[in-house]
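# Residue-level structural notes
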Amino acid sequence: HARHAPAILAAAPPGARFILLGSTRRFSRWPDDHGNGVRAGEAAFLASGRRGAMLHPTMIYGAQGEDNVQRLAALLRRIPVAPLPGGGRATVQPIHQDDLTACILAALRRDWTGPEAITVAGPAPLPYRDFLAAVARAAGLRPPPVIALPGALLMALAPLTRAVPLLPTIRTAEIRRLLEDKAFDVTPMREKLGVTGRPLEEGLALTFRAA
């Protein structure tokens, strides 16, 4: 976790280069231990003057056993409609695991002259409701109708999912994060790492082909 960056910096030899992984949770307006740890780790790294990069990935999908797209597809198999806060208009910009790996390898090859923080994401943001529909289609499902509900109501109901058989547990914090846009400029990713994320439909096709 990026919160360990200060200890890593202190333990490493003077000439070391660093490739660290953070998270775009550091940009969230909803503070939590994860996001706060990333912010603290980034601050320590940037203040250190050491050479390297901290990569902040968005939602990662496509890895074996990942808990984002696969979990959503499992949920979509069990619900006739999709209740989303604000109707799912807030944006997401997920990155495929292979593209994140390409970013890490490119960062390892680059001769950094100082510390930098770079956000790595898919090529373009899209509304969560469109993301949900794309996941459903890739999983061979019919996209469910979206019902717009107040975020406060869904957050109040989220703990009840622990008691509903066959439904994945949905955490209150997950509902809250669906209320904020997650759209990022990927120009530094392209220019400094030479990586352009694959379109969502392509990444989802790979994900469910391997599932």
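Our subject is the structure listed above.
Residues numbered from 1 in each chain as written. Predicted model: local features only at pLDDT ≥ 70, side-chain atom pairs only at ≥ 80, totals over all residues. Heavy atoms only, no water.

### Description of the overall build of the protein chain
Heads up, the condition is: Where helices and strands are cited, they refer to DSSP runs of H or I of at least four residues and of E of at least two residues respectively, numbered from the N terminus. Each radius of gyration is computed over the set of C-alpha atoms, and the globule rule expresses the reference value as 2.2 Å times the number of residues to the power 0.38. Per-residue accessibility, obtained with a 1.4 Å probe over protein chains only, is compared with the maximum for each type, and a residue is labelled buried under 20%, exposed over 50%, and partly exposed between these values. In this description, contact between two residues means that some pair of their heavy atoms is separated by no more than 4.5 Å. The Shrake-Rupley method, run with a 1.4 Å probe, gives the accessible areas here. Residue values count only the displayed protein chains as cover.
Across its full length, the protein chain carries nine helices and nine strands. Against the 2.2 N^0.38 benchmark of 17 Å for 211 residues, the protein chain shows a C-alpha radius of gyration of 18 Å, consistent with a compact globule. Projecting the C-alpha coordinates of the protein chain onto the three principal axes gives extents of approximately 55 × 35 × 25 Å. Relative to its 211 residues, the protein chain shows a buried fraction of 42%. In the protein chain, the proportion of contacts linking residues at least 24 apart, taken out of those at least 6 apart, comes to 83%. Carbon together with sulfur atoms contributes 57% to the accessible area of the protein chain, which is approximately 10,700 Å² in total.

### Brief notes about the sheet that holds strand β7 (residues 115-120)
Condition: In this scheme, strands are said to pair when DSSP sees at least two bridges between them. A fitted line through C-alpha atoms serves as each axis, taken over the contacting stretch for helices, and the angle formed by two N-to-C directions is quoted from 0 to 180°.
Spatial strand order, β1-β2-β7: three strands in an open sheet with parallel pairing. Sheet topology places β1 (17-21) and β7 at the edges, where each strand pairs with a single neighbour. Along the sheet, successive strands turn relative to each other by an average axial angle of 15°, direction set aside.

### Overview of a nonpolar patch on the surface
Using the following cut-off: Patches here: salt-bridge-free residues with over 30% relative accessible area, like charges joined within 9 Å, nonpolar side chains (Val, Leu, Ile, Met, Phe, Trp, Tyr) joined within 5 Å. Any Lys or Arg side-chain nitrogen found within 4 Å of a carboxyl oxygen on Asp or Glu counts as a salt bridge.
A surface patch of nonpolar side chains, amounting to about 260 Å² of accessible area, comprises Leu153, Leu157 and Leu160. Structurally, the position occupied by Leu157 is in helix α6 (residues 151-157).

### Points about the pairing of β1
The alternating pattern of β1 places Phe18 and Leu20 on a buried face, while none of Arg17, Ile19 and Leu21, on the opposite face, is buried. Pairing analysis gives five bridges linking β1 to strand β2 (residues 51-57), with the strands arranged parallel. Along β2, the bridge assignment pairs Arg17 with Arg51.

### Comments concerning the side chain of Thr91
Looking at the element boundaries, Thr91 is found in strand β5 (residues 91-92). What makes Thr91 buried here is its relative accessible area of 15%. The contacts of Thr91, once residues within four sequence positions are left out, are Pro125, Leu126, Pro127, Tyr128, Glu180, Asp181, Lys182 and Ala183.

### Some remarks on the nonpolar core
The nonpolar side chains of a soluble globular protein tend to be buried with one another. Selection rule: Among buried residues, those of type Ala, Val, Leu, Ile, Met, Phe, Trp, Tyr and Cys that are joined through side-chain atoms within 4.5 Å constitute a nonpolar core.
The biggest cluster of nonpolar side chains holds 20 residues, and the ones touching the most others in it are Tyr128, Phe131, Val135 and Leu204. The set of elements that each furnish at least two residues to this core consists of α3 (69-76), β4 (82-85), α5 (128-138) and α9 (200-210). With six residues, α5 is the largest single contributor of residues to this core. When near neighbours in sequence (up to four residues on either side) are disregarded, Val135 contacts Val69, Leu72, Ala73, Leu76, Leu204 and Phe208. Counting residues in hydrophobic clusters, the runner-up holds 15 residues, among them Leu55, Cys103, Ala107 and Ala121.

All we've got here are geometric facts, nothing functional implied.
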